[in-house]
Amino acid sequence: MLVVMQAHATEEQVRDVCQKIEKMGYRAHAMPGAQRTAIGITGNKAEIEPGTLEEMPGVQEVIQVSKPYKLVSRELKEDNTVIRFPGTNATIGGAGLAIIAGPCAIESREQAFAIADRVSRAGAQFFRGGAYKPRTSPYSFQGLGEEGLRIMAEVRQQFGMKIVTEAIDHESLDLVEEWADVIQIGARNMQNFSLLKRAGRARKPILLKRGMSATLEEFLMAAEYILSEGNYNVALCERGVRTFADHTRNTLDLSLVPAVQRLSHLPILVDPSHGTGKRNKVTPLSRASIAVGADGLLVEVHNKPDEALSDGPQSLFPDQFDELMAQVRQIATVVGRTVPAIGARETVVAGK
Ligand code: PEP
Ligand code: MN
């Protein structure tokens, strides 16, 4: 169920409707849009009798949401969600592309700084690196843990990039929430519902990666878990799915991008690194991702890929990342996007 407010409804009227919904024992999620505010209702077991709400001042109409997901749906919010990072030009969603780059895992301060220096000069606004790694083998490098988070905080301090890193359980999520700017939930945890609920109570944006064999609906329902707990700053990330193809690690499903954009207001990024597993395919598929309309990229870059403790074969050399960025910038102009520099001052358009 969704309450659509009139375009000229006052804040007080929106508040009154929310209070009424909460009094009925449900949860109200007010989503302001460019034209009007819509209020999503969750927590109801059965259909709600629209009568009482429909009659309230400022209410335009009360409609049933036809999809199983509500808060992530375009039915609730027509305008694209734009995740902002105050004090910077970086956004996830919006006209500016979000470029997230860095190693698969933080291995040392020297390694992180060497890579951060290069990706930041190439124009990435976000630095990524795993401190908690979900590895297939328990004998593989599991990440530096909190030390890795501290190193990334130093990277932010030095280069100004925002930090994206994965939380793999409740314990690491507490720490990642404290240290990072964006909390990544990885493919393996896309349906870890208790972790998704915890992410929904976090005070930082969430980057949710698609599960290895998740359908579009399962992916959106996973995001719905996060929004239903009150965290509306969620970005999705396509990272390839498992198929019979063996020329790549995963099959990057670029058709997911327009499919998500039709159904949901959430930003959708693409990770061509995990999506292909092969360094030589990362740049071509990055070009394709921007051309198809993705809101940004997540790319693994390593200063010494041959010595990387994880995902070396898919990590770009810094020079290759420079070239990728040059190509992405060209394609961005064709699709009406830009790659904003994180530190640049925002241009204030007169009258806005
Ligand atoms: C990662 O981004 O380092 C990662 C582990 O990705 P995924 O969860 O998509 O496998
Ligand atoms: Mn990786």
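Source: prediction; values computed, not measured.

Give a description of the overall build of the protein that names residues and reports values.
Across its full length, the protein carries 11 helices and 14 strands. In terms of overall size, the protein behaves like a compact globule, its C-alpha atoms giving a radius of gyration of 21 Å where 352 residues would be expected to give roughly 20 Å. In the protein, buried positions account for 53% of the 352 residues. Across the protein, every contact between residues at least 6 apart in sequence was considered, and the portion connecting residues at least 24 apart equals 69%. Counting only carbon and sulfur atoms, one obtains 49% of the accessible surface of the protein, whose full area is about 15600 Å². Taken together, the 41 basic and 42 acidic charged side chains of the protein have centroids lying 2 Å from each other.

Residue-level account of helix 10 (residues 279–292), with values.
Here helix 10 spans 20 Å end to end across 14 residues, near enough to the 20 Å set by a 1.5 Å rise per residue. Those residues of helix 10 that sit buried are V282, T283, S286, S289 and I290. The inward-facing, buried residues of helix 10 contact strand 13 (268–270), helix 9 (272–276), strand 14 (296–300) and helix 11 (318–334).

Can you explain the domain arrangement of the protein? Please cite residues and give values.
Note: interface size is frequently given as the accessible area lost on complex formation between the parts. Domain parsing of the protein yields domain 1 (2–63) and domain 2 (74–335). Inter-centroid distance (C-alpha atoms) of domain 1 to domain 2 is 34 Å. The partner domain 2 presents 10 residues to the 11 residues of domain 1 that form the contact. In terms of surface lost to domain 2, no three residues of domain 1 exceed R27, H29 and M31, which account for 48% of the buried area on that side.

How would you summarise the site of ligand 1 if you had to cite specific residues and measurements?
With respect to spatial proximity, the complete set of residues near ligand 1 consists of R128, K133, E166, Q184, G186, A187, R188, K209, R239, H274 and E300. Contacts to ligand 1 include K133, whose side-chain N or O atom sits 2.9 Å from an oxygen atom. Take R188: an N or O atom from its side chain is 2.9 Å from an oxygen atom of ligand 1. Relative to its unbound accessible surface of 300 Å², ligand 1 loses 97% to contact with the protein. Counted by class, the shell around ligand 1 contains one nonpolar, three polar and seven charged residues.

Residues and numbers for the coordination of the manganese ion (ligand 2), please.
Donor atoms from the polypeptide that coordinate the manganese ion (ligand 2) comprise C104 (SG), H274 (NE2), E300 (OE) and D311 (OD), at 2.0 to 2.3 Å from the metal. Here the donor residues of the manganese ion (ligand 2) are spaced in sequence according to C-x169-H-x25-E-x10-D. Taken together, the positions of C104 in the loop between strand 7 (98–102) and helix 3 (109–122) and E300 in strand 14 put the pair 196 residues apart, joining distant regions of the chain. There is no split in this pair, since C104 and E300 are both buried.

Break down the pairing of strand 12 (residues 234–238) for me, citing the residues and quoting the values.
For strand 12, a buried count of five out of five residues is recorded, marking the element as mostly surrounded by other parts of the structure. Side chains of strand 12 alternate between two faces, with V234, L236 and E238 and A235 and C237 buried alike. Where strand 11 (residues 206–209) lies against strand 12, four bridges are found, and the strand directions are parallel. Paired with L208 across the two strands is L236, which belongs to strand 12. Once you follow strand 11 into helix 7 (residues 216–228) and on to strand 12, the crossover reads as right-handed. Inspection of the sheet shows strand 12 paired to strand 13 by three bridges, in the parallel sense. Across the sheet, the residue bridging to C237 is L269, located in strand 13.

With reference to specific residues and values, describe the nonpolar core.
With 74 residues, the main nonpolar core has I99, V119, F127, L208, L236, F321 and L324 as its most contacted residues. Each of domain 1 (2–63) and domain 2 (74–335) contributes no fewer than three residues to this core. Once residues lying within four places of it in the same chain are set aside, the contact partners of I99 are A124, Q125, F126, L297, F321, M325, V328 and V339.

If you had to explain a negative patch on the surface to someone new, which residues and values would you point to?
There is a patch of like negative charges on the surface, built from E49, E54, E55 and E61. Here E55 lies in the loop between helix 2 (51–54) and strand 4 (59–63).

Would you mind going over the pattern of salt bridges in detail, with residue names and values included?
Following the criterion strictly, the structure yields 17 salt bridges and no others. Between K209 and D271 there is a salt bridge, with its nearest N and O atoms 2.6 Å apart. One end of the pair, K209, is in strand 11; the other, D271, is in the loop between strand 13 and helix 9, with 62 residues separating them in the sequence. With a relative accessible area of 4%, K209 lands in the buried category. Residue classification places D271 among the buried positions, given a relative accessible area of 0%.

Describe the packing of helix 7 against helix 8 (residues 256–263), naming the residues involved and giving the relevant values.
Axis separation between helix 7 and helix 8 bottoms out at 11 Å; the angle between their running directions is 55°. In terms of orientation, helix 7 and helix 8 fall into the oblique class. Here helix 7 runs over helix 8; the crossing is right-handed. For the pair helix 7 and helix 8, the contacting residues are L216, F219 and L220 in the first and L256, A259, V260 and L263 in the second. Residue composition of the contact of helix 7 with helix 8, grouped by class: seven nonpolar, no polar and no charged.

Cut-off values and rules
Residues numbered from 1 in each chain as written. Chains lettered and ligands numbered in written order. Predicted model: local features only at pLDDT ≥ 70, side-chain atom pairs only at ≥ 80, totals over all residues. Heavy atoms only, no water. Helix = DSSP H or I, 4+ residues; strand = E, 2+ residues; numbered from the N terminus. Rg over C-alpha atoms; globule rule 2.2 N^0.38 Å. Buried < 20%, exposed > 50% of the residue type's maximum accessible area, 1.4 Å probe, protein only. Contact = heavy atoms within 4.5 Å. Areas by Shrake-Rupley, 256 points an atom, 1.4 Å probe, with all protein chains shown as cover. Lys, Arg positive; Asp, Glu negative; His and termini not counted. Charge placed at Lys NZ, Arg CZ, Asp CG, Glu CD. Expected span 1.5 Å × (residues − 1). Domains from an automatic or database assignment. Buried area = accessible area lost by both parts, 1.4 Å probe. Near = heavy atom within 4 Å. Polar contact = N/O pair within 3.5 Å; in protein donor to acceptor, adjacent residues only side chain to side chain. Nonpolar A, V, L, I, M, F, W, Y, C, P; charged D, E, K, R; others polar. Donors = N, O, S within 2.8 Å, 3.2 Å for Na, K, Ca; no water. Pairing = 2+ DSSP bridges. Right-handed = clockwise from strand over helix to strand, strands pointing away. Core = buried A, V, L, I, M, F, W, Y, C linked by side-chain atoms within 4.5 Å. Patch = residues over 30% accessible without salt bridge, like charges linked within 9 Å, V, L, I, M, F, W, Y side chains within 5 Å. Salt bridge = Lys/Arg side-chain N within 4 Å of Asp/Glu carboxyl O. Axes fitted to C-alpha atoms, helices over the stretch in contact; angles between N-to-C directions. Parallel < 35°, antiparallel > 145°, perpendicular 65-115°, else oblique. Left-handed = near helix turned anticlockwise from the far one by under 90°.

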